[in-house]
Amino acid sequence: MDLGLKGKSAIVCAASKGLGRACATALAREGVSVVMTARNAATLEQAAAEIRAATGAKVTPVAGDITTEAGRAAALAACPAPDILVNNAGGPPPGDFLGFDHDDWIRALESNMLTPLALIRAVLDGMCARRFGRIVNITSAAVKSPIATLGLSNGARAGLTGAVAGLARQVAKHNVTINNLLPGPFLTDRLRANSAEAAAKAGRSVDDMIAERAKSSPAGRVGDPAEFGEACAFLCAASSGFIVGQNLLLDGGAFNATMA
Ligand code: NAP
């Protein structure tokens, strides 16, 4: 299926690894020129070189912390008028609700709500004027089904979801879409890190914990980041302009509902 994205440009945030990298790869494969960001320059440059070699697309690494104004300015300087914006950043740390203080909440909001909103503010007018824009926010299955130890994530991502729900309906008439992708467990460094604490407590290996989680999923496995990237590219397709303000859960069926 040709997604009609050849010659388009994208900013993919937090993309040297995991889900962000998978989105950058899938878009590059469609002929999109990609600016990708992450904090660690060496890892980012390596990832960019690999994606370039695999796809032949123009891939520009921009090192920086996307949750800072300087990090966002650098990404926007490299791609001032993107056709596609994929919002992503590291997830907040797990912990006990009473252990989170004011600063923890501010950091979570900065990373997972205010940073995506700032980037959307920066690119939205241009997308509307050019009559093409695709914005995809990587949030979490925790938006639909809260994870007790990830209170910071549950709250900040729900805030972003609410903020863009109305905005998506305001800009759809300009062929600008805003949608959210909600990952369940995908096999990335983040999943391994989040499983490490439980594994240590249970005296078991991380691989063991992930295998147990996989068994409890209706799909019988955890997600492959490449599948996530393909879903992102589909939401960005030229023909996806009627998909507006959706929250697409990619969790192998774990969220048990007649309608998700
Ligand atoms: P990952 O494998 O740990 O990759 C995170 C990527 O983000 C890395 O490239 C990292 O590079 C970059 N990054 C982190 N903080 C950044 C920042 N402040 N500025 C720029 N780049 C930054 O994580 P992932 O599993 O792909 O997760 C992506 C998002 O999805 C996270 O918010 C996570 O909480 C959420 N999520 C993941 C899962 C899952 O199962 N994987 C499930 C639900 C939600 P640097 O460290 O070099 O910056």
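Notes on the structure in this doc start here. Owing to the predicted nature of the structure, the values given are computational and were not obtained by experimental measurement. (Residues numbered from 1 in each chain as written. Predicted model: local features only at pLDDT ≥ 70, side-chain atom pairs only at ≥ 80, totals over all residues. Heavy atoms only, no water.)

## Some details on the overall build of the protein chain
Counting secondary structure elements, the protein chain contains 8 helices and 7 strands. Relative to its length of 260 residues, the protein chain is compact, with a C-alpha radius of gyration of 18 Å against a globular reference of 18 Å. Judged by the C-alpha coordinates and their principal axes, the protein chain covers about 55 × 40 × 40 Å. In the protein chain, buried positions account for 47% of the 260 residues. Relative to all contacts within the protein chain whose residues are 6 or more apart in sequence, the contacts with residues 24 or more apart total 72%. Side chains of the protein chain carry 25 positive and 22 negative charges; the gap between the two charge centres is 6 Å. (Helix = DSSP H or I, 4+ residues; strand = E, 2+ residues; numbered from the N terminus. Rg over C-alpha atoms; globule rule 2.2 N^0.38 Å. Buried < 20%, exposed > 50% of the residue type's maximum accessible area, 1.4 Å probe, protein only. Contact = heavy atoms within 4.5 Å. Lys, Arg positive; Asp, Glu negative; His and termini not counted. Charge placed at Lys NZ, Arg CZ, Asp CG, Glu CD.)

## Describing the side chain of Thr37
Examined against the element boundaries, Thr37 turns out to sit in strand β2 (residues 33-38). Within polar-contact distance, the side chain of Thr37 engages the backbone nitrogen of Ala14 at 3.0 Å. If we skip the residues at most four places from it in the chain, Thr37 touches Val12, Cys13, Ala14, Ala15, Ser16, Leu44, Val62, Ile66 and Ala75. (Polar contact = N/O pair within 3.5 Å; in protein donor to acceptor, adjacent residues only side chain to side chain.)

## Examining helix α5 (residues 151-171)
Between its first and last C-alpha atoms α5 spans 31 Å; for 21 residues at 1.5 Å apiece the expected length is 30 Å, and the two agree. Burial in α5 covers these residues: Gly151, Leu152, Ser153, Asn154, Ala156, Arg157, Leu160, Thr161, Val164, Ala168 and Val171. (Expected span 1.5 Å × (residues − 1).)

## Concerning the site of the ligand
Ser16, Leu19, Arg39, Ala89 and Thr188 are the nearest of the 27 residues found near the ligand. Contact between the ligand and Gly90: a nitrogen atom at 3.3 Å from a main-chain N or O atom of the residue. Interatomic distance of 2.8 Å between a backbone N/O atom of Phe186 and an oxygen atom of the ligand. The protein chains hide 89% of the 880 Å² of surface that the ligand would expose on its own. Elements supplying a minimum of two residues to the shell around the ligand: α1 (18-29) and α6 (189-202). Classifying every residue of the shell around the ligand gives 9 nonpolar, 12 polar and 6 charged. (Near = heavy atom within 4 Å. Areas by Shrake-Rupley, 256 points an atom, 1.4 Å probe, with all protein chains shown as cover. Nonpolar A, V, L, I, M, F, W, Y, C, P; charged D, E, K, R; others polar.)

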